[in-house]
Amino acid sequence: MKFGLLQYSNTIVFLIILIVVIYLFYLIIKALRKYTKSEPVRKEKVANAKSLGEVLKQHRVDCKMTQEFVAETIGVSRQAVSKWESGASDPSTTNLMALAKLFDVEAEDLLKETKS
């Protein structure tokens, strides 16, 4: 009788493990399908992504500010602002924070809008 119960419990454990493995396999297949279907969206996002300079220029234009005004407000030269917007250089962390404050956005939001 004990041998029959032991064999029965081993069979139940095996079935549970088999069901878990099958379910995990199902989840992996489902995730892979979702990932492959998202490829056009990922390509579009990359194509529409902007450089940090483009993002800074867009915010400056949206706020109706000149490069000279931005430069004077945060204490840099107009040429520095021009270099940031053209992509020739990037603002320091301090200047990026000042730009974000000037444009009334979070610095993280400026970076989120850029290409990775």
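Refer to the structure printed above.
Criteria and thresholds
Residues numbered from 1 in each chain as written. Predicted model: local features only at pLDDT ≥ 70, side-chain atom pairs only at ≥ 80, totals over all residues. Heavy atoms only, no water. Patch = residues over 30% accessible without salt bridge, like charges linked within 9 Å, V, L, I, M, F, W, Y side chains within 5 Å. Areas by Shrake-Rupley, 256 points an atom, 1.4 Å probe, with all protein chains shown as cover. Salt bridge = Lys/Arg side-chain N within 4 Å of Asp/Glu carboxyl O. Lys, Arg positive; Asp, Glu negative; His and termini not counted. Charge placed at Lys NZ, Arg CZ, Asp CG, Glu CD. Helix = DSSP H or I, 4+ residues; strand = E, 2+ residues; numbered from the N terminus. Buried < 20%, exposed > 50% of the residue type's maximum accessible area, 1.4 Å probe, protein only. Contact = heavy atoms within 4.5 Å. Axes fitted to C-alpha atoms, helices over the stretch in contact; angles between N-to-C directions. Parallel < 35°, antiparallel > 145°, perpendicular 65-115°, else oblique. Left-handed = near helix turned anticlockwise from the far one by under 90°. Nonpolar A, V, L, I, M, F, W, Y, C, P; charged D, E, K, R; others polar. Core = buried A, V, L, I, M, F, W, Y, C linked by side-chain atoms within 4.5 Å. Arc of directions from axis to C-beta.

**Student:** So what exactly am I meant to see when it comes to a negative patch on the surface here?
**Tutor:** On the surface, Asp104, Glu106, Glu108, Asp109 and Glu113 cluster together into a negatively charged patch. By the secondary structure assignment, Asp104 is in the loop between helix 6 (93-103) and helix 7 (107-112). Since its relative accessible area comes to 70%, Asp104 is described here as exposed.

**Student:** Honestly, the side chain of Gln67 in this entry has me stumped. Any pointers?
**Tutor:** Along the chain, the position of Gln67 falls in helix 4 (residues 67-74). Setting aside residues up to four positions removed in sequence, Gln67 forms contacts with Arg60, Arg78, Val81, Ser82 and Glu85.

**Student:** I keep staring at the packing of helix 4 against helix 5 (residues 78-86) and nothing clicks. Help me out?
**Tutor:** The angle between the axes and the distance between the axes are what describe a pair of packed helices. Packing of helix 4 against helix 5 brings their axes to within 8 Å, and their N-to-C directions diverge by 115°. On the basis of their axis angle, the class for helix 4 and helix 5 is roughly perpendicular. Helix-helix and strand crossings are classified by hand; for helix 4 and helix 5 the assignment is right-handed. Within the contact between the two elements, helix 4 uses Gln67, Glu68, Val70, Ala71 and Ile74 and helix 5 uses Arg78, Val81, Ser82, Trp84 and Glu85. For the contact of helix 4 with helix 5, the per-class residue count stands at 5 nonpolar, 2 polar and 3 charged.

**Student:** Just to check I follow, could you spell out the nonpolar core for this structure?
**Tutor:** Most often, soluble globular proteins have nonpolar side chains that are buried together. By size, the foremost hydrophobic cluster in this structure holds 17 residues, and its most contacted members are Leu56, Val70, Trp84, Leu99 and Phe103. Counting only elements with at least two residues in this core, the list comes to helix 3 (52-62), helix 4, helix 5, helix 6 and helix 7. When residues of this core are assigned to their parent elements, the largest contribution, 5 residues, is made by helix 6. Setting aside chain neighbours within four positions, we find Trp84 in contact with Gly53, Leu56, Ile74, Val76, Ser89, Asp90, Pro91, Asn95 and Leu99.

**Student:** What is the right way to look at helix 5 in this model?
**Tutor:** Each α-helix winds once per 3.6 residues, and so residues spaced three or four apart point in a common direction. Along helix 5, the residues classified as buried are Ala80, Val81, Trp84 and Glu85. Along the axis of helix 5, the buried positions cluster into a sector of 135°, meaning they face one direction only. Tucked into the core, helix 5 has its buried residues touching helix 3, helix 4 and helix 6. Where helix 5 terminates, the next one or two residues include Gly87, which has phi positive at roughly 90°.

**Student:** I'm lost on a nonpolar patch on the surface in this one. Help?
**Tutor:** A contiguous nonpolar patch, built from Tyr8, Ile12, Ile16, Val20, Tyr23, Leu24, Tyr26 and Leu27 and spanning about 800 Å² of accessible area, is present on the exposed surface. Its place among the elements puts Leu27 in helix 1 (residues 2-37). Since its relative accessible area comes to 34%, Leu27 is described here as partly exposed.

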